[in-house]
Amino acid sequence: MDEWLNQNHREYELMMMVINQFLEQGFYPVPTAPAQAGHYREDHTQSILELLSSFPESHIQFPLQVFSLGPVYDPGYGRWAETIDVEILGSGGSRHDLLALELIMRLVATWPNLASHTLMVMGHVGLLNQVLVTESVPEITINQILAYLRAGNLVAAESLMTHLSQASRQLLLSEPFGDFLENLRKSLPQADFEHLSQLEQIVHQHVETRWDLSLTGNWSYYTDLVFSLYLKDVGQPVLNGGRFALDIHGRSWQGIGFTLYLDPLYQAVRQEMGSLMP
Amino acid sequence: MSYHNVTIAIAKGRIMEGTRSLWQQKGLPWPVDEDSRQLWFAPENERPGVLIARARDIPTLVGLGIADLGIVGLDVLEEYPNTHVLQVADLNFAHCRVVLAGQKNQWPVGPTRIATKYQRIAQNYFNVHRHPVEILPLSGSLELAPVIGLAPYIVDIVDTGNTLRQHHLIEITTILKSSARLIANQSHWRTKPEVEQVRRTLKNDDSPMDSSANFGPKGSIL
């Protein structure tokens, strides 16, 4: 029993350590309910924004940095996962993308071995959309492709893209930044390459990165940059996130956020925790 | 390329028979002894590991990363969706259809009871067609339902249609065309190049999808 109690203790310590990092960096906690109106929470973002939407717009100062703590229901497995959901809200756009990635990398750098065991995959829904428009794919087909990719059905998505140029199709491969850029320049010369290079630079100095436009995130509210930090050889993401736009009760929200999964994070850093806890 | 770091979960039954045939056709040593009850075969350099499980457990095993890849019917993936896995190839065997069948070749009139083991597929189908139905979940012997008056219609999987005919049932419409799909753990697909190598090895050249398949990691990343 002692082992079980100690493990729970250390998992709790890890959660507090992460929360303290967010508090120190000016994030405010937002208490959200794990279930509402008979539905289990599968995502914090909507719950956070519903609470914030109850305040008059004039009362909110942007950028607003918030986080929500607690389990989300995973219907795929019928189980709950302990998470911390972090949001930077406001119209900061690409500047906030950089802020979010810097925040994540500061967290990764807390545990030196974590960086060597993880790999960041970055996608970009906005770029994929632009590539498909440039390739004259009709809007209705673009929406189908995005829906298939969100559902993880690469076979069906691919069947709608067989006529795309080789360079565009290559963008849906998991590739290092250099190869990805080379193909993107061929398919979309007007893309914001400077911003993409800044994103790459922030992440790559800490963890290995790949770019893959088939990564679109599971939620339909993602509009641009999306990312997943994977634990190599474990098969679980440590975090997923991206830039989003969402309408809540007629009010438009935009921002960038990510969900941190505490169980895989604990598995990855437990060996290092003893030496790094205060 | 060595396969010592890759495991595939394979659904029992028709999918496993088809996989064995495809596996041998691609020159991979098939480890499963049909007379044995062994369900786990560790990976070796010349072939991936094999884990044999019930069809509906395959997405869970792959999603959790217990297996890197899985082979399972599209019908199972549609009935038990799992956002943690990616469908990466149509392997073009184990073809079958999920159909609506009844004693007459007639679309249901008014609210109707449907017996099925595909509750989600059936409910989604009738939702799309805005037709009110009561789904009666059954796990087997569906063909009996109309005969014994349990439900006038069934939604079931058919291969040749012989079983339906033997029970004097008529296919009214096809709801889903299914075949064996190769699925991958999202994380492993994007971080382990061996996983893409297995897809390339197993892909069926006759499949129109696979001739244009274009996803997956390129080159070594580890």
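### Examining the packing of aromatic side chains
Aromatic ring pairs are described here by two measures, namely the spacing of the ring centres and the angle between the planes.
Thought 1: One pass over the structure, following the stated rule, counts 16 aromatic pairs over all chains.
Thought 2: Plain terms: the ring middles of W107 of chain B and F126 of chain B are 5.7 Å apart, the flat faces sit at 40 degrees to each other, and that makes the pair tilted. Separated by 19 residues along the polypeptide, W107 of chain B in the loop between β6 (96–102) and β7 (112–116) and F126 of chain B in helix α4 (residues 119–128) bring together distant segments of the chain.
Thought 3: By relative accessible area, W107 of chain B is classed as partly exposed at 31%.
Thought 4: Clustering of aromatic rings is evident, with ring pairs tying together F22, F27, F67 and F258 of chain A.
Thought 5: Looking at R185 of chain A, its charged tip hangs above the ring of F193 of chain A, at a distance of 4.4 Å from the centre.

### Observations regarding the sheet that holds strand β11 (residues 251–261) of chain A
Residue and element names in this part refer to chain A.
Thought 1: The strand order across the open sheet formed by eight strands is β1-β4-β5-β11-β10-β9-β6-β8, and the pairing between neighbours is mixed. Strands with a single pairing partner mark the edges of an open sheet, and in this sheet they are β1 (28–29) and β8 (208–211).
Thought 2: Across 10 bridges, the pairing between strand β10 (residues 237–248) and β11 is antiparallel. When the bridges of β11 are listed, A245 appears paired with Q254.
Thought 3: Across the sheet, helix α3 (residues 94–109) lies against β5 (79–89), β6 (118–124), β9 (222–231), β10 and β11, angled at about 15 degrees from β11, the strand it touches most.

### A short note on unusual backbone geometry
Thought 1: Residue P63 of chain A follows F62 of chain A across a cis peptide bond; omega there is 0 degrees.
Thought 2: Locating P63 of chain A in the fold gives a position in the loop between α2 (44–52) and β4 (64–74).
Thought 3: In this structure, N92 of chain B is a non-glycine residue whose phi angle is positive, near 60 degrees.
Thought 4: Inspection of the secondary structure assignment puts N92 of chain B in the loop between β5 (85–90) and β6.

### What to know about the interface of chain A and chain B
Thought 1: Taken together, the contact between chain A and chain B spans 36 residues of the former and 35 residues of the latter.
Thought 2: Considering only the surface of chain A that becomes buried against chain B, Y77, L154 and V155 of chain A emerge as the three largest contributors, covering 22% of it.
Thought 3: Inspection of the region where chain A meets chain B yields one salt bridge.
Thought 4: The salt bridge involving D212 of chain A is made with R190 of chain B; its shortest N-O contact spans 3.0 Å.
Thought 5: Counting only elements with at least two residues in the side of chain A that touches chain B, the list comes to β6, α7 (154–159), α8 (166–170), β7 (173–174), β8 and β9 of chain A.
Thought 6: At four residues, α7 of chain A tops the list of elements feeding residues into the side of chain A that touches chain B.
Thought 7: Its residues assigned to classes, the side of chain A that touches chain B comprises 14 nonpolar, 12 polar and 10 charged.

### Overview of the domain arrangement of chain B
Residue and element names in this part refer to chain B.
Thought 1: Along its sequence, chain B is organised into domain 1 (7–94 + 179–203) and domain 2 (96–177).
Thought 2: Look at where the C-alpha atoms of domain 1 and domain 2 centre, and you get two points 29 Å apart.
Thought 3: Counting residues at the interface gives eight residues for domain 1 and 11 residues for domain 2.
Thought 4: Between domain 1 and domain 2, the buried area comes to about 790 Å², and carbon and sulfur atoms account for 50% of it.
Thought 5: Linking domain 1 with domain 2 are one salt bridge, by the criterion used here.
Thought 6: Among the salt bridges present, the one from D159 reaches R14, with a minimum N-O distance of 3.2 Å.
Thought 7: The biggest single contributor to the side of domain 1 that touches domain 2 is helix α3 (residues 74–79), with four residues.

### Quick notes on the packing of α3 of chain A against helix α10 (residues 193–204) of chain A
Residue and element names in this part refer to chain A.
Thought 1: With their axes 9 Å apart at the nearest point, α3 and α10 run at an angle of 10 degrees to one another. Of the possible angle classes, the one that applies to α3 and α10 is roughly parallel. Residues S94, D97, L98, L101, E102 and M105 of α3 form the contact with α10, whose own contacting residues are H195, Q198, L199, I202 and V203.
Thought 2: Residues belonging to the contact of α3 with α10 are distributed by class as follows: six nonpolar, three polar and two charged.

### Observations regarding the pattern of salt bridges
Thought 1: Taken as a whole and judged by the stated rule, the model has 13 salt bridges over all chains.
Thought 2: As a salt-bridge pair, R113 of chain B and E134 of chain B come within 3.4 Å of each other at their nearest N and O atoms. Placement of the pair is R113 of chain B in strand β7 and E134 of chain B in strand β8 (residues 133–137), with a sequence separation of 21 residues.
Thought 3: Look at R113 of chain B and you get partly exposed, because its relative accessible area is 31%.
Thought 4: The partner of R200 of chain B in a salt bridge is E196 of chain B, and the shortest N-O contact between them spans 3.2 Å. You can see R200 of chain B and its partner E196 of chain B sitting in helix α8 (residues 193–202), four residues apart, about one turn around the helix.
Thought 5: For R200 of chain B, a relative accessible area of 42% gives the class partly exposed.
Thought 6: A residue is classified by how much of its surface remains accessible, and E196 of chain B, at 5% relative accessible area, is buried.
Thought 7: Among the charged side chains, a salt-bridge network with shared partners connects D97, D224 and R243 of chain A.

The rules behind the values
Residues numbered from 1 in each chain as written. Chains lettered and ligands numbered in written order. Predicted model: local features only at pLDDT ≥ 70, side-chain atom pairs only at ≥ 80, totals over all residues. Heavy atoms only, no water. Phe/Tyr/Trp six-rings, centres within 6.5 Å; stacked < 30°, edge-to-face > 60°. Helix = DSSP H or I, 4+ residues; strand = E, 2+ residues; numbered from the N terminus. Buried < 20%, exposed > 50% of the residue type's maximum accessible area, 1.4 Å probe, protein only. Lys NZ or Arg CZ within 6 Å of the ring centre and 35° of its normal. Pairing = 2+ DSSP bridges. Contact = heavy atoms within 4.5 Å. Axes fitted to C-alpha atoms, helices over the stretch in contact; angles between N-to-C directions. Buried area = accessible area lost by both parts, 1.4 Å probe. Salt bridge = Lys/Arg side-chain N within 4 Å of Asp/Glu carboxyl O. Nonpolar A, V, L, I, M, F, W, Y, C, P; charged D, E, K, R; others polar. Domains from an automatic or database assignment. Parallel < 35°, antiparallel > 145°, perpendicular 65-115°, else oblique.

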